[in-house]
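Below are the chains, spelled out letter by letter.
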Amino acid sequence: LADGVEGGIKGRVDRVELRRSGEQRLGVAVDFKYSSKPYLPTRLEEALTEEYQASAYLLAMKQWGLRPAAMEFHNLRVDARRIGVVDPPLAGEVFHSKPAKNQAILPVADIMADGLRRMAETIAKIRDGFIEAAPKNSEYCRKGGCEFYDLCRVEKWRLN
């Protein structure tokens with residue numbers, strides 16, 4: 001934050017695929033989705049610009065010493081659709097042919113910077129008391145019930 005305070009995110013990445021490009025180690029983050037709805041381009045745009053998961057996964061790969069090359073969502077319940085984002089100069093390294101039509105070609109550095117900015121804004125709101133970080137009613141902590149579901153990791157069993 002502006003005053004030097006740092007926030008942390010706890011979580012785990014479902015899968016990281018590694019690629020080599022010369023001496024560089026590239027990372028492709030994969031998140032498995034179990035939704036019965038397909039993950040379409042409009043949903044991908046929301047994931048990249050309004051939620052935190054994609055940017056957090058990309059930032060994690062960078063912290064692990066990998067060059068973040070791509071982030072994919074694999075829907076396991078609906079026609080095994082893959083959708084994601086790939087960094088323009090690395091598209092040929094990630095996909096040995098041309099990227100699939102469901103792959104957005106966008107600079108991952110921009111996605112990481114935007115996500116980091118939005119995370120800092122949220123952390124500041126939590127710190128200032130505008131967002132309660134540990135709600136008393138854990139029933140509110142579910143997809144669709146809280147706009148910070150993908151950032152917050154309230155452990156429901158500890159609330160009782």
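In this report, we go over the structure that sits alongside the text. (Residues numbered from 1 in each chain as written. Predicted model: local features only at pLDDT ≥ 70, side-chain atom pairs only at ≥ 80, totals over all residues. Heavy atoms only, no water.)

The residue Val-94 is located in helix α3 (residues 91-94) in this model. By relative accessible area, Val-94 is classed as buried at 4%. For the pair Val-94 and Gly-27, spaced 67 residues apart in sequence, the C-alpha separation works out to 8.8 Å. Apart from residues no more than four positions distant in its own chain, Val-94 is found in contact with Arg-19, Val-28, Ala-69, Ala-70 and Val-86. (Helix = DSSP H or I, 4+ residues; strand = E, 2+ residues; numbered from the N terminus. Buried < 20%, exposed > 50% of the residue type's maximum accessible area, 1.4 Å probe, protein only. Contact = heavy atoms within 4.5 Å.)

For the rest of this paragraph, the subject is the packing of helix α2 (residues 53-63) against helix α4 (residues 108-127). Contact pair α2 / α4: the axes reach a minimum separation of 8 Å and the direction vectors enclose 110°. Relative to α4, the element α2 lies roughly perpendicular. When you trace α2 past α4, the crossing you get is left-handed. Taking contact as the criterion, the partners of Ser-55, Ala-56, Leu-58, Leu-59 and Lys-62 in α2 are, on α4, Val-108, Ile-111, Met-112, Gly-115, Leu-116, Arg-118 and Met-119. In terms of residue class, the contact of α2 with α4 is built from eight nonpolar, two polar and two charged. (Axes fitted to C-alpha atoms, helices over the stretch in contact; angles between N-to-C directions. Parallel < 35°, antiparallel > 145°, perpendicular 65-115°, else oblique. Left-handed = near helix turned anticlockwise from the far one by under 90°. Nonpolar A, V, L, I, M, F, W, Y, C, P; charged D, E, K, R; others polar.)

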